[in-house]
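For reference, the chains in residue letters:
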Amino acid sequence: MDHVPPDHPLRRAPIQQRSADRLARILDACAELLDETGYEHLSTRAVARRAGVPIGSVYRFFGNKRAMAIALAHRNLDRYAEGIADRLAELPAGDWRPVVDAVLDEYLAMKRTVPGFALVDFGVPAPPAEGPASDPNNLVAGRLTDLLGAHLGLTRDAALERAVLVAVEATDALIQLAFRNDPSGDPDIVAETRAMMHAYLARVLD
């Protein structure tokens, strides 16, 4: 079962495995339909049909499609962090550059393969209503700061948090550019993004 953060938009967290499996099917269906219809045309009824569950099962977990998409974004972030942790387990802690590469490579892999990720990666396609604490890039930066700090033995302080957030914001913009006209990501722009990350983070991590 995926971890459910305290601010997760679920009306009710699943307790039994059967309920957790049903929730997973609903989120899988949501991701598939995002690719097929886009966010504007996504509906809870269509998700219920695709998932093969009664519409009441969707509303048991979610009040509306936005809450459902936010839950999908949370799941994506959990899986992103898990994927990075798996990659870092194979890397020595002495050199930060392969670690930063692993962070970027995991994101690129999800961008290319995960259903619905183009529209809902770690947040829904609308400004967050809850303030900076719920902003997707802030959430991503927080998780990455913890992962990098633990692997590299760094103290989490304001300078590290700020550097990671700036790197996340800049990388997000460049990766959007890389995928704008190339579904696999323009390799030259990806290479420039990697170089930018190395050059910028060297100020803090070297």
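Analysis parameters
Residues numbered from 1 in each chain as written. Predicted model: local features only at pLDDT ≥ 70, side-chain atom pairs only at ≥ 80, totals over all residues. Heavy atoms only, no water. pLDDT = per-residue confidence, 0-100. Contact = heavy atoms within 4.5 Å. Helix = DSSP H or I, 4+ residues; strand = E, 2+ residues; numbered from the N terminus. Buried < 20%, exposed > 50% of the residue type's maximum accessible area, 1.4 Å probe, protein only. Axes fitted to C-alpha atoms, helices over the stretch in contact; angles between N-to-C directions. Parallel < 35°, antiparallel > 145°, perpendicular 65-115°, else oblique. Left-handed = near helix turned anticlockwise from the far one by under 90°. Core = buried A, V, L, I, M, F, W, Y, C linked by side-chain atoms within 4.5 Å. Salt bridge = Lys/Arg side-chain N within 4 Å of Asp/Glu carboxyl O. Phe/Tyr/Trp six-rings, centres within 6.5 Å; stacked < 30°, edge-to-face > 60°. Lys NZ or Arg CZ within 6 Å of the ring centre and 35° of its normal.

Engineer: Looking at this model, I keep getting lost on the confidence of the model for the protein chain. Mind explaining?
Structural biologist: Close inspection of predicted coordinates is inappropriate in any region flagged by low pLDDT. Residues of the protein chain with pLDDT of at least 70 account for 91%, and the chain-wide mean is 90. Here residues 1–7 is modelled with pLDDT under 50, and outside its nearest four sequence neighbours on either side it reaches 10 contacts, counting other chains as well.

Engineer: How should the environment of Ala109 be read in this particular structure?
Structural biologist: With respect to the helices and strands, the residue Ala109 is situated in helix 5 (residues 96–113). Classification of Ala109 as partly exposed rests on a relative accessible area of 27%.

Engineer: Is there a simple way to think about the packing of helix 6 (residues 136–152) against helix 7 (residues 158–180) in this case?
Structural biologist: The description of two helices packed together rests on the angle between their axes and the distance between the axes. Two numbers describe how helix 6 lies on helix 7: the axes approach to 9 Å, and their chain directions differ by 125 degrees. Taken as axis vectors, helix 6 and helix 7 run oblique relative to one another. With respect to the hand of their crossing, helix 6 and helix 7 are arranged in right-handed fashion. Of helix 7, the residues touching helix 6 (which contributes Asn137, Asn138, Val140, Ala141, Leu144, Thr145 and Leu148) are Leu160, Glu161, Val164, Leu165, Val168, Glu169 and Asp172.

Engineer: Explanation requested: the nonpolar core in the structure shown.
Structural biologist: The nonpolar side chains of a soluble globular protein tend to be buried with one another. Judged by nonpolar contacts, the single largest core of 33 residues is most densely connected at Tyr80, Trp96, Phe122, Val140, Leu144, Val164 and Leu201. For this core, the elements supplying multiple residues, two or more each, are helix 4 (65–88), helix 5, helix 6, helix 7 and helix 8 (187–205). In terms of residues, this core owes the most to one element, helix 5, which gives 9 residues. Beyond its immediate sequence surroundings of up to four residues, Leu201 is in contact with Trp96, Val100, Ala163, Ala167 and Asp206. Residues Leu23, Ala31, Leu42 and Ala73 belong to the second largest nonpolar core, which totals 27 residues.

Engineer: Looking at this model, I keep getting lost on the pattern of salt bridges. Mind explaining?
Structural biologist: Oppositely charged side chains can form a pair if their charged atoms are brought close together. As enumerated under the stated definition, the model contains 10 salt bridges in all. Between Glu36 and Arg50 there is a salt bridge whose closest N-O contact spans 2.8 Å. Separated by 14 residues along the polypeptide, Glu36 in helix 1 (residues 17–37) and Arg50 in helix 2 (residues 44–51) bring together distant segments of the chain. Connected through salt bridges with shared partners, the residues Glu32, Glu36 and Arg50 form a single ionic network.

Engineer: Which parts of the structure should I look at to understand the packing of aromatic side chains?
Structural biologist: Each aromatic ring pair is characterised by the separation of its centres together with the angle its planes make. Scanning the entire structure with this criterion turns up 6 aromatic pairs. Consider the rings of Phe61 and Phe62, whose centres lie 6.2 Å apart with planes at 50 degrees: the pair is tilted. Phe61 sits in the buried class, given a relative accessible area of 0%. You can call Phe62 buried: its relative accessible area is 0%. An aromatic cluster is present here, built from Tyr80, Tyr107, Phe117 and Phe122 joined pairwise through their rings. One residue, Lys111, lies across the ring of Phe179, its end atom 5.5 Å from the ring centre.

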